[in-house]
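Residue-level structure breakdown
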Amino acid sequence: MRVPAALLVTAMFTMLPSGGGLSGQFTLYEKEDFSFDLGGYVRSLTQLYDPGYDVPTVEDREGGIHADVVRLKWNLRFGESFLLEVHNRIQAQVSSSEAGLGTSTVGFGVSVVPGRRWDLSSVWVDQDRLRVWHDVDRLSLTWYNDFADITAGRQAITWGISNVYPVADLWAQFSPFELDTEEKPGVDAVRILKYPTANLELDAVVADRGSSRNFSAGVRASFTLPWADIYAGGGKFWREAIGLIGISAPTGVYKLRAEGALPYHLDEEEFSLPRITIGVDRLGGSTMLSMEYNFNGIGATDSGDYLTVLEDPRFGQGETYFLGRHNIGAAASWTPGNDRLSLTLSSLLNIQDPSAAFVPNLTYDFGQNTRLSVGALVSFGDTPTFDPAPALRSEFGTYGDFLYTMLSVYF
């Protein structure tokens, strides 16, 4: 029963219509000042994994996971003033072992989902090694007017300028090992974007995190100057008051970046350690390079304290995905002249363990709205121990190794 069910789900996804560009939409209905558009994508992932060590109570050390996700993006436009956006997301996952279902470090849905007061998800199939579920990841109405752009409902919000270690992206950020990065997780919020002048943007957000205690609100001002882009802001995020500041300055083919977050814990009534990312990018041509240093105030300086970090609410909320205090990340991307082939290599280093993870990825665009990716995660570091009690000896040494292929079809 399990295998035919998985094949049925995959077949259902691949029968969806295709057309338009890779991220385009096609119009279902249009008349005068009203239009109804549909877009989206289907993504299929197959991965093999080996943690590199034996885990007590888990029989199969090596295993495999196959996952599918389909996102339907519905847009209803009413003239030039209103846009209603709805995203349906259907996901399926089948694992070679019950232990691997939903526990993968790399894959689809490994990012933290924002807290939501209204659960718009439903489980269609829930078996030992197979799970199929649906959720509404966008449900928002935007009003464009002379005063501001106002969006209410479940929406994607991004703050900050860092690539590998985002310290200011506090609404909903991706895990560094999330493979479905086409759309961010939606957060339930009211957002007001206003542009008082050509070089100033004001962004105000009030978000419901699923409870009145974690209610969040923030304001950010972004300035475009002749020599740099600067932003400053702050607000209440979960149980912290956080001040934010960032700058990005181009210097020839390079761009220098820095941003920081200074938290004040409302329950403990004291400042917490800051979170800072400093980066440099080399832009232009067929090769792009990026490097960042991160001071993670949530992280620990000793691997013996990593389990404490895992239990920290800030880690569970997705404010950070890293356990260490000092981190270095780098990414290199090469795209030859035909723009169809892209080769990227990302690396993450915990300076203190030390431990590291390398993520090579090769993507080829076949045209006709289809892309194929082949990649891996290769980790280095001391592996955990389980006797007499579980203990982490390094951050990335716990991740193991992954090989994956991913097929994406846009419509």
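Quantities reported herein were computed from a predicted structural model and do not represent experimental measurements. (Residues numbered from 1 in each chain as written. Predicted model: local features only at pLDDT ≥ 70, side-chain atom pairs only at ≥ 80, totals over all residues. Heavy atoms only, no water.)

1. Considerations on unusual backbone geometry
Cis geometry marks the peptide bond from D353 to P354; its omega dihedral reads -5 degrees. Along the chain, P354 falls in the loop between β18 (341-350) and β19 (355-367). In this structure, the amide linkage connecting D387 to the following residue, P388, adopts the cis form with an omega of 10 degrees. Tracing the chain through its elements places P388 in the loop between β20 (370-380) and β21 (401-410). (Helix = DSSP H or I, 4+ residues; strand = E, 2+ residues; numbered from the N terminus.)

2. Let's talk about the pattern of salt bridges
Counted by the stated rule, this structure contains 24 salt bridges. Between E201 and R220 there is a salt bridge; the shortest N-O distance is 3.3 Å. Of this pair, E201 sits in strand β9 (residues 200-207) while R220 sits in strand β10 (residues 216-224), and the two are 19 residues apart along the sequence. The salt bridge involving R239 is made with D267; its shortest N-O contact spans 2.8 Å. Pair noted here: R239 is in the loop between β11 (229-237) and β12 (240-251) and D267 is in the loop between β13 (254-265) and β14 (270-271), with a separation of 28 residues, a long-range link. Each member of the salt-bridge network shares a partner with another, and the members are R71, K73, R89, R116, D135, D137, R138 and E183. (Salt bridge = Lys/Arg side-chain N within 4 Å of Asp/Glu carboxyl O.)

3. Examining the side chain of E240
Residue position: E240 is located in strand β12. Residue class for E240 comes out buried when judged on its relative accessible area of 2%. A polar atom in the side chain of E240 sits 2.9 Å from the side chain of R275. Setting aside chain neighbours within four positions, we find E240 in contact with G235, P263, Y264, H265, L266, R275, R314 and E319. (Buried < 20%, exposed > 50% of the residue type's maximum accessible area, 1.4 Å probe, protein only. Polar contact = N/O pair within 3.5 Å; in protein donor to acceptor, adjacent residues only side chain to side chain. Contact = heavy atoms within 4.5 Å.)

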